[in-house]
Amino acid sequence: MSWVTKWLSDLRKKMTRSFLGENMSYSSYGLVGECIAMTSILQRGYGCAMAQQDGCDLVCWDRNNIDTGNTFLVQVRSCQLSRNHKNRLHFQLGMGGTKRMPTRQDYDILALVATEQRTVFFMPVYSVNCKKLTKTPDFFSNPEIEIESWKKTIEALNGKHN
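Once a new chain begins, its residue numbering starts again from 1 and follows that chain's sequence as written. For a predicted model such as this one, the threshold for reporting local features is a pLDDT of at least 70, and the threshold for listing and counting side-chain atom pairs is 80 or more; totals across whole chains, interfaces and linings nevertheless cover every residue. Excluded from the side-chain calculations are hydrogens and water; all other atoms, namely the structure's heavy atoms, are used.

## Describing the overall build of the protein
The condition that has to hold: Segments assigned H or I by DSSP are reported as helices when at least four residues long, segments assigned E as strands when at least two residues long, and all are numbered from the N terminus. Relative accessible area decides the class of each residue, using a 1.4 Å probe on protein chains only: under 20% of the type maximum gives buried, over 50% gives exposed, and in between gives partly exposed. Residue contacts are defined here by distance: any two heavy atoms, one from each residue, within 4.5 Å place the two residues in contact. Method for areas: the Shrake-Rupley scheme with a 1.4 Å probe, in which residue coverage is limited to the protein chains shown.
In terms of helices and strands, the protein carries three helices and nine strands. Ordering the α and β elements of the protein from the N terminus gives α-β-β-α-β-β-β-β-β-β-β-α. Within the protein, the proportion of its 162 residues that are buried is 38%. Intrachain contacts of the protein at a sequence separation of at least 6 include 54% that bridge at least 24 residues. Accessible surface for the protein amounts to roughly 9600 Å². Of this, 51% is attributable to carbon and sulfur atoms.

Encoded structure:
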């Protein structure tokens, strides 16, 4: 095998991840996380749409209180179990090439998606205090985590809006 063939083979392996037994590209894998987050937001009674721009994945709004004009930008970070550390989920939270800390100028809500559990944990951007976050799969096993974290995030953001 030539070095070019080996290099291409290694690159192909790095560019795909296994998700529930299927090989997927990183962009497809990210889209799965966005769809899981969008589903959770819709289940909370909010409207939600994909945002086709860098730095923000979703836009959501309260369908029951449309007069308030509150819309929120959502950044989705998804991951699956680490191959090297089997009981860990590693989320990259930094923004841009320098991996700087996010601010309200970037987005309002961070959605951490554990794709294998198909579960989301929400938090307001100003609660992000690190560039990398590691969680265990057990963190996402609480059946109320989506409801509770969404409620706390919206309450915190509405308090900041007023």
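## Considerations on the pairing of strand β8 (residues 119-124)
Applicable threshold: For two strands to count as paired, DSSP must find a minimum of two bridges between them.
For β8, the buried fraction is high: five of the six residues fall into the buried class. Across six bridges, the pairing between strand β7 (residues 109-114) and β8 is antiparallel. Bridge pairing in β8 places Ala111 opposite Phe122. The hairpin formed by β7 and β8 contains four residues between the paired strands, and Arg118 there has a positive phi angle of roughly 55 degrees.

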